[in-house]
Amino acid sequence: MDDHSSPTTLTIPALRSGGVMLTYRCTNKCKHCLYRCSPQQVDTWMSLDLAEQVFAAMAREPQLRDVHIAGGEATLKMDLLADVIALAVRMGVSLSYLETNAMWCTDGDTARESFLRLARAGLPGVLVSASPYHNEFVPFVRTQTCVEAAIDVFGRGGVIVWIPQLYQALAQMPADRTNTLAEFCHAAGLSDEIGAVGRIYGLIPGGRVLDELRDCYPARPAEDFSSCRCDGELYNTSHFHIDPFGNLFTGLCPGIAAGKIGDLHPQITAENHPVFWHLATGGPCALMQWARDHHNYQPQRDAYISKCDLCTDIRRHLHALGGFEEIAPDTFYAN
Ligand code: SF4
């Protein structure tokens, strides 16, 4: 084990860079969404009180570089968003950007006015999502309007288009309507092979991908993942997220709360956080063995597309049983 752990206790390292999720609610239900955001998610938002606790905790992190504001789609509550940005600035937290899907950018003037308001509150930049997954919900003309308005307000250096190559490819599609993934693949010469888009985007085989895009991947028996470890992901604090309930997620592991806002670096033991413990010390097959031995778990599938697929299957079983503090929030498992 690395020096941040001991045989009996684990601790999450200092936070380095991450995001504050104001909500799981989104205008879209993108097939690739790791956090399973959608219009059906509970309409729960981070309160200003909780945001204050989050920023206070971040201000105590000695290695924290910057923080972005994310959703769901944070612009759904523009007033709250502006207040949260101003609060972060007042509390000395270094903001990097707001992440948005551009759905709200119906015209340039409105988009510019809103960005100006957020810039005055202290926002330094914007990340605009551009992908065939988003384009199933957001017409490209809105993505383009968002990018242009953001450049007007924040300058080119303050705007990230993610992913730029896919933005260029989407510009070749009908702009005033949405396009399906199959339509994009066909137009882009990807042989209607959805798996090819996955490779371009760098899909992570977790979250909603497990429901919507699992056919993009070959599947293997659970035991094939026995050599997979997860300490690298679970100790990775360079892209953490804190959700609207105050749960801390490290690495690319939504639904496993490594800490909570009251204590972002708890002393983790096999007794108080068994799910995190078994994943961090042995990987998903170690969790599977423990869940089989102690909680009557049986794999729900013959084969899994990734270690995170297996991990999610086990966590769903444990979540249904209840009583595991680190399996959170409920809304992640309910959808
Ligand atoms: S298997 Fe589980 S703990 Fe490991 S990286 Fe995937 S989601 Fe995270």
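Everything discussed here concerns the structure shown above.
So, here is what we can say about the structure in this document. Given the structure is predicted, the values throughout are model-derived calculations rather than measurements.

Thresholds applied
Position labels on residues start from 1 in each chain and follow its written sequence. Only residues with pLDDT of 70 or above have their local features reported here, since the model is predicted, and side-chain atom pairs are shown and tallied only from 80 upward, although totals for entire chains, interfaces and linings are computed over all residues. Computation of side-chain values: all heavy atoms of the structure, hydrogens and water removed. In this description a helix means any DSSP run of H or I spanning at least four residues, a strand means any run of E spanning at least two, and both kinds are numbered starting from the N terminus. For the exposure calls, accessible area comes from a 1.4 Å probe over protein chains only, and a residue counts as buried if that area is under 20% of its type's maximum, exposed if over 50%, partly exposed in between. Should any heavy atoms of two residues lie within 4.5 Å, those residues are counted as being in contact. Only the protein chains shown count as cover for residues, and the accessible areas themselves come from Shrake-Rupley with a 1.4 Å probe. Just so you know, the count uses Lys and Arg for positive and Asp and Glu for negative, and it drops His and the chain ends. The atom standing in for a charge is NZ when the residue is Lys, CZ when it is Arg, CG when it is Asp and CD when it is Glu. Here a residue counts as near a molecule or strand whenever at least one of its heavy atoms sits within 4 Å of it. For this classification, the nonpolar set comprises Ala, Val, Leu, Ile, Met, Phe, Trp, Tyr, Cys and Pro, the charged set comprises Asp, Glu, Lys and Arg, and every other residue, Gly included, is treated as polar. Take the buried residues of types Ala, Val, Leu, Ile, Met, Phe, Trp, Tyr and Cys, join any two whose side-chain atoms come within 4.5 Å, and each joined set is a nonpolar core. All axes here are fitted lines through C-alpha atoms, helices being fitted over the stretch that makes contact, and every angle between N-to-C directions spans 0 to 180 degrees. Geometric relationships in this document are graded by angle, where less than 35 degrees denotes roughly parallel, more than 145 denotes roughly antiparallel, 65 to 115 denotes roughly perpendicular, and other angles denote oblique. What makes a crossing left-handed is the near helix being turned counterclockwise from the far one by less than a right angle; a clockwise turn instead makes it right-handed. The rule for pairing is simple: two strands pair if DSSP sees at least two bridges between them. Think of it like this: strands point away, you trace from the first strand over the helix to the second, and a clockwise trace means the crossover is right-handed. Under the pairing criterion, centres of Phe, Tyr and Trp rings, with the six-membered ring standing for Trp, must be within 6.5 Å; the plane angle then separates stacked pairs below 30 degrees from edge-to-face pairs above 60, leaving the rest tilted. For a ring to carry a charge above it, either NZ of a lysine or CZ of an arginine must fall within 6 Å of the ring centroid while also lying within 35 degrees of the normal to the ring plane.

## Digging into the overall build of the protein
Line of reasoning, step 1. The secondary structure content of the protein amounts to 14 helices and eight strands.
Line of reasoning, step 2. When the backbone C-alpha atoms are referred to their principal axes, the protein occupies close to 60 × 50 × 30 Å.
Line of reasoning, step 3. When burial is assessed residue by residue, the protein has 55% of its 335 residues classed as buried.
Line of reasoning, step 4. Within the protein, contacts between residues at least 6 apart in sequence are counted, and of these 73% link residues at least 24 apart.
Line of reasoning, step 5. Element-wise, carbon and sulfur atoms account for 49% of the exposed surface of the protein, whose accessible area totals about 14100 Å².
Line of reasoning, step 6. Taking the average location of the 26 positive side-chain charges in the protein and that of its 38 negative ones, the two points are 2 Å from each other.

## A short note on the site of the ligand
Line of reasoning, step 1. In the vicinity of the ligand, the contacting residues are Cys230, Glu233, Cys253, Ile256, Leu279, Lys307, Cys308, Cys311 and Arg315.
Line of reasoning, step 2. For the shell around the ligand, the element with the most residues is helix H13 (residues 307–321), which contributes four residues.
Line of reasoning, step 3. For the shell around the ligand, a count of residues per class yields six nonpolar, no polar and three charged.

## Remarks on the nonpolar core
Where a protein is soluble and globular, its nonpolar side chains tend to be buried together.
Line of reasoning, step 1. Grouped together as the largest cluster of nonpolar side chains are 99 residues, with contacts concentrated most on Phe55 and Met58.
Line of reasoning, step 2. Ranked by the residues each element gives to this core, the list is headed by helix H2 (residues 78–90), at eight residues.
Line of reasoning, step 3. Not counting residues within four places of it along the chain, the set of residues in contact with Phe55 comprises Val20, Val84, Leu87, Ala88, Met91 and Val93.

## What about the packing of helix H3 (residues 108–121) against helix H5 (residues 140–154)?
Line of reasoning, step 1. Put simply, H3 and H5 touch, their axes get as near as 9 Å, and they point 45° apart. Viewed along their axes, H3 and H5 adopt a mutual orientation that is oblique. The handedness of the crossing between H3 and H5 is right-handed. The segment H3 lies against H5, with Gly108, Ala111, Arg112, Phe115, Leu116 and Ala119 engaging Thr145, Cys146, Ala149, Ala150, Asp152, Val153 and Phe154.

## A look at the pairing of strand E1 (residues 17–21)
Line of reasoning, step 1. Of all five residues that make up E1, five are buried, and the element is covered over most of its length.
Line of reasoning, step 2. As paired elements, E1 and strand E2 (residues 66–70) share five bridges and run parallel to each other. What sits directly across from Ser17, in E2, is Asp66.
Line of reasoning, step 3. The handedness of the E1 to E2 crossover, carried by helix H1 (residues 48–59), is right-handed.

## Topic: the sheet that holds E1
Line of reasoning, step 1. Judged by pairing direction, the sheet is mixed, and its eight strands sit side by side in the order E5-E4-E3-E2-E1-E6-E7-E8 without closing on themselves. Edge positions in the open sheet fall to strand E5 (159–162) and strand E8 (259–260), since each of these has one partner strand only.
Line of reasoning, step 2. Relative to E8, strand E7 (residues 247–249) runs antiparallel, the two sharing two bridges. Paired with Asn247 across the bridge in E8 is Lys260.

## Thoughts on the packing of aromatic side chains
Line of reasoning, step 1. One pass over the structure, following the stated rule, counts eight aromatic pairs.
Line of reasoning, step 2. With 5.5 Å between their ring centres and 90° between their planes, Tyr133 and Tyr201 make a pair best called edge-to-face. On the criterion of sequence distance, the pair formed by Tyr133 in helix H4 (residues 132–135) and Tyr201 in helix H8 (residues 194–201) is long-range, its members being 68 residues apart. In this pair, the class of Tyr133 matches that of Tyr201, namely buried.
Line of reasoning, step 3. An aromatic cluster is present here, built from Trp104, Phe115 and Phe154 joined pairwise through their rings.
Line of reasoning, step 4. Looking at Arg36, its charged tip hangs above the ring of Phe332, at a distance of 5.8 Å from the centre.

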